[in-house]
Every structure is written in C-alpha cells, then in structure tokens.
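Survey of secondary and tertiary structure
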Amino acid sequence: MKQTITIKGVNIGEGAPKICVPLVGRTLMEIVAEAGALRNIDGDIVEWRADFFDQVEDTEKVEEALTKIRALLPETPLIFTFRSAKEGGEKELGQEGYVKLNKKVAESGLVDIIDVELFNREEDVKVLVDAAHSNKVYVIISNHDFEKTPPKEEIIARLCRAQELGADFPKIAVMPNSANDVLTLLEATLSMNDQYSDRPIITMSMAGKGLISRLTGELFGSAVTFGAAKKASAPGQVAVHELRNVLSLLHQNR
C-alpha cells in the first residue's frame, strides 16, 4: 500500500502533483520580499534554495532567514535545500560544511523537509536522515544530472537507493537530449511508482524538452512539480499560475 504524506494540510502523493515554488534571493532583504510575495501565489510548498543566499556559510544568518520565512509563511510546508554546485547549485560548502548546515537546520524546528543529495558519503546521508527524522522533519534524497538522462534501469536504481537510505521522498531530475530521453524518464517514473515505491516520488525531465514531465505527474507517478514565481531555480520551470491551470485540467480529465 503506497503511503501519502500530509504536511500542514497538504497531502503529497494523492491527486494532482503539488506545486513547489523556490525562494532564490541572494540577500535577506530579497528573500523576505520573495517570501511575502508567495502569500499571494497559488503554490502548495515552498523550497528555500539556500545555495543562492550570500551568507549561507553563516549558520546564524541561515537561521535568521528561516525564522523570517517561517513567520511570513507559517502554514506552508517548507523545504530547505542547499544544492551543491556539482548537482547544479550555486556554491560548494565542502562535505563537513554541508552536513553541519543541514543538521543544524533539521534541528531548528523551522523547516518541514530537508533535501539531501544522494551522491554524498553514505554515512553522511544516514546521519542527516537520522537527524531529520528524530526532529520530525521529512527528507528528500535527491539526484540531479544536468548533462544527460541515464537509462531507465539506472534511474530506478537511484530512486530505490534513496528509498533504502530512508528518503520520505526519493527524487531525481535529469537532462533530456532528445524526446526519447523524456520518454525514458516517464517510463522509469511509472515503473518506480507501480512496482518499487511505497511512498511519494519526485521526478522530472528538465529544460524545454522535458516540460511535459512537469505536467503529467498524476498520470505517471511524480507527486511534486516545481513552478517559478519570479526566477526559476532549474531549467524548464514555468510560472505557477500556468502550471496550476494545466494540472487542474489534467486532473479533471483523469
């Protein structure tokens, strides 16, 4: 029986994919302005992409920013993500800094989900999963390939590995170089959802070619999709209101 996960009234893994909107400000002032604006945008989840933040190396400044985000969006599920440069993010912290930051955030009581990259040291992934779960924080274990789309079997294997390591939400994002690559991602998503996963999964094919994958999650099995408010955090994100319209249309005609 596949479980769904409900966070602050948002039931993830049932019905239309939930829309996650990124915060990508570089200064505290920009982040606060973005978070305030999101109160008027029809998203379901907010992701703070902390790798965009100029002062992310200072954990006290990170906690200050999270406190302000949470005050502005108290009833919205909040994901904390430091996306490393090797997976398409803005910065590198080094392994020790990455673990320290995510562990502190998981213990802060200010977030609902942290994102942990699959291709870290296994022991570090386990430490962060344990820290999150002991503080009633959910975990996305993610992988991003900005160059290519791996074979279907490899996509499934990475999602299964994330699940084995304790991910509440296994996630993969891949870059298509052809229409067949998009089909590969969708086929892998469908197989993972139907045969291997007992929890919500998140998948996407990036850039313009992969846009269809951001819209068809309810059919193929991806529980969350990402839409842009102002600035996209990854190639292929579309505006939230356009995304909502298409997701609603597809949901009504299932």
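Residues numbered from 1 in each chain as written. Predicted model: local features only at pLDDT ≥ 70, side-chain atom pairs only at ≥ 80, totals over all residues. Heavy atoms only, no water.

If you look the protein up in an unreviewed UniProt entry, it shows as 3-dehydroquinate dehydratase from Mesobacillus foraminis. Its UniProt record, at the heading Subunit (unreviewed entry), says of the protein: "Homodimer." Its UniProt record gives the protein a comment under Pathway (unreviewed entry), which states: "Metabolic intermediate biosynthesis; chorismate biosynthesis; chorismate from D-erythrose 4-phosphate and phosphoenolpyruvate: step 3/7." (UniProt positions renumbered as here; feature names shortened; annotations may be inferred.)

Counting secondary structure elements, the protein contains nine helices and 11 strands. Taken against the 2.2 N^0.38 rule, which gives 18 Å for 254 residues, the C-alpha radius of gyration of the protein at 17 Å falls within 12% of a compact globule. Oriented by its inertia axes, the alpha-carbon framework of the protein measures out at about 45 × 40 × 35 Å. For the protein, with 254 residues in total, the buried portion stands at 56%. Contacts spanning at least 24 positions in sequence make up 73% of the contacts within the protein whose residues lie at least 6 apart. Carbon and sulfur atoms form 50% of the exposed surface of the protein, whose accessible area is close to 11000 Å². In the protein, which carries 30 positive and 38 negative side-chain charges, the distance between the mean positions of the two groups comes to 2 Å. (Helix = DSSP H or I, 4+ residues; strand = E, 2+ residues; numbered from the N terminus. Rg over C-alpha atoms; globule rule 2.2 N^0.38 Å. Buried < 20%, exposed > 50% of the residue type's maximum accessible area, 1.4 Å probe, protein only. Contact = heavy atoms within 4.5 Å. Areas by Shrake-Rupley, 256 points an atom, 1.4 Å probe, with all protein chains shown as cover. Lys, Arg positive; Asp, Glu negative; His and termini not counted. Charge placed at Lys NZ, Arg CZ, Asp CG, Glu CD.)

Further remarks concern the layout of surface pockets. The space that makes up the largest pocket amounts to roughly 190 Å³. Lining the largest pocket are 17 residues, with Gly13, Asn193, Gly217, Glu218 and Gly221 positioned closest to its centre. Of all the elements in the fold, those that place two or more residues in the lining of the largest pocket are helix H6 (179–196) and helix H8 (217–220). Considering each element in turn, the lining of the largest pocket owes the most residues, four residues, to H8. Residue composition of the lining of the largest pocket, by class: seven nonpolar, six polar and four charged. (1 Å grid on protein atoms, 1.4 Å probe; cavity = no way out; pocket = protein on both sides within 12 Å on 5 of 7 lines; lining within 4 Å. Points joined across faces, edges and corners; volume = space filled by probe spheres on them. Nonpolar A, V, L, I, M, F, W, Y, C, P; charged D, E, K, R; others polar.)

Residues Trp48, Val62, Leu66, Phe80, Ile114 and Ile141 are the most contacted members of the largest nonpolar core, which totals 45 residues. Apart from the residues within four sequence positions on either side, Ile141 is in contact with Val116, Leu118, Val125, Val129, Ala162, Leu165, Gly166, Ala167, Phe169, Pro170 and Lys171. With 18 residues, the next largest nonpolar core counts Val10, Phe169, Ala223 and Phe226 among its residues. (Core = buried A, V, L, I, M, F, W, Y, C linked by side-chain atoms within 4.5 Å.)

Using the criterion set out here, one finds 20 salt bridges in the structure. Where Glu64 meets Lys61, a salt bridge forms, and the shortest distance between an N and an O atom there is 3.9 Å. You can see Glu64 and its partner Lys61 sitting in helix H2 (residues 59–72), three residues apart, about one turn around the helix. One salt bridge in this structure joins Asp145 and Lys148, with 2.9 Å as the shortest N-O distance. A relative accessible area of 8% places Asp145 in the buried class. For Lys148, a relative accessible area of 42% corresponds to the partly exposed category. (Salt bridge = Lys/Arg side-chain N within 4 Å of Asp/Glu carboxyl O.)

In the numbering used here, UniProt assigns the feature "active site" (unreviewed entry) to His144 and Lys171. Separation in sequence by 28 residues is not matched in space for these annotated residues, since their most distant C-alpha atoms are only 8.5 Å apart. On the secondary structure map, His144 appears in strand S7 (residues 138–145). Mapping Lys171 onto the fold places it in strand S8 (residues 169–174). Contacts of Lys171, omitting those with residues within four sequence positions, involve Arg83, Asp115, Ile140, Ile141, Ser142, Asn143, His144, Leu159, Ile202, Met204 and Phe226.

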